[in-house]
Amino acid sequence: MNRSKSWALILIAVGFLICMHQVGMHFHVMGLLVPVAMVGLGYVGITHGKKMGWLIFGIGALILITKLSGFLAIVFAVWLMYYGYRMLKKPNDSAEFRL
């Protein structure tokens, strides 16, 4: 798959998401498109040596972090449960019996 076909598929997918949002089918992805685009444009600006790129990148990253805060909280909660489970499965050295 060459680069032009990849961009075409990306543009079709984004257009589809925008149409579905306008019809009323919310995929909760639309709120992420603008911050992701800002981060991408900021990165392009940074690589071209523009100081405005840092500002756009920073604002986009902050917006993206706030949008993903619920997801990050869920990931942290799952990690805590996994860590607690691993602590329970770990053999306790002080309760070792000798025969």
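Preceding block: the structure.
Structural notes, computed from the coordinates.

Parameters and conventions
- Residues numbered from 1 in each chain as written.
- Predicted model: local features only at pLDDT ≥ 70, side-chain atom pairs only at ≥ 80, totals over all residues.
- Heavy atoms only, no water.
- Helix = DSSP H or I, 4+ residues; strand = E, 2+ residues; numbered from the N terminus.
- Contact = heavy atoms within 4.5 Å.
- Areas by Shrake-Rupley, 256 points an atom, 1.4 Å probe, with all protein chains shown as cover.
- Patch = residues over 30% accessible without salt bridge, like charges linked within 9 Å, V, L, I, M, F, W, Y side chains within 5 Å.
- Salt bridge = Lys/Arg side-chain N within 4 Å of Asp/Glu carboxyl O.
- Buried < 20%, exposed > 50% of the residue type's maximum accessible area, 1.4 Å probe, protein only.
- Phe/Tyr/Trp six-rings, centres within 6.5 Å; stacked < 30°, edge-to-face > 60°.

For the chain, the helix and strand inventory stands at four helices and zero strands. Of the regular secondary structure in the chain, the N- to C-terminal order runs α-α-α-α. Considering only intrachain contacts with a sequence separation of at least 6, the fraction spanning at least 24 residues in the chain is 28%. As displayed, the chain offers around 8,800 Å² of accessible surface, 73% of which is attributable to carbon and sulfur atoms.

This part covers a nonpolar patch on the surface. On the surface, Phe 76, Trp 79, Leu 80, Tyr 83 and Met 87 cluster together into a nonpolar patch covering about 570 Å² of accessible area. Mapped onto the elements of the fold, Met 87 is located in helix α4 (residues 69-89). The exposure class of Met 87 is exposed, given its relative accessible area of 52%.

On to the packing of aromatic side chains. This model, assessed by the stated rule, comprises two aromatic pairs. Note on Phe 76 and Trp 79: the rings are 6.1 Å apart at their centroids and 25° apart in plane angle, and the pair reads as stacked. Residue Phe 76 and its partner Trp 79 are located together in helix α4, separated by three residues, close to a single helical turn. Looking at Trp 79, the relative accessible area reads 46%, which means it is partly exposed. Ring geometry for Trp 79 versus Tyr 83: centroids 5.5 Å apart, planes at 15°, classification stacked. Separated by four residues within a single helix, Trp 79 and Tyr 83 lie in helix α4, roughly one turn from each other. Counting every residue linked through ring pairs, the aromatic cluster contains Phe 76, Trp 79 and Tyr 83.

The next point concerns the environment of Gly 60. Inspection of the secondary structure puts Gly 60 in helix α3 (residues 52-67). When the C-alpha positions of Gly 60 and Met 38 are compared, they lie 4.9 Å apart, and in sequence the two are 22 residues distant. The residues contacting Gly 60, other than those within four sequence positions of it, are Pro 35, Met 38 and Val 39.

Structurally, Leu 32 is set in helix α2 (residues 30-47). Separated by 31 residues in the primary sequence, Leu 32 and Ile 63 have C-alpha atoms spaced 8.7 Å apart. When neighbours within four sequence positions are excluded, Leu 32 is seen to be in contact with Leu 64, Lys 67 and Leu 68.

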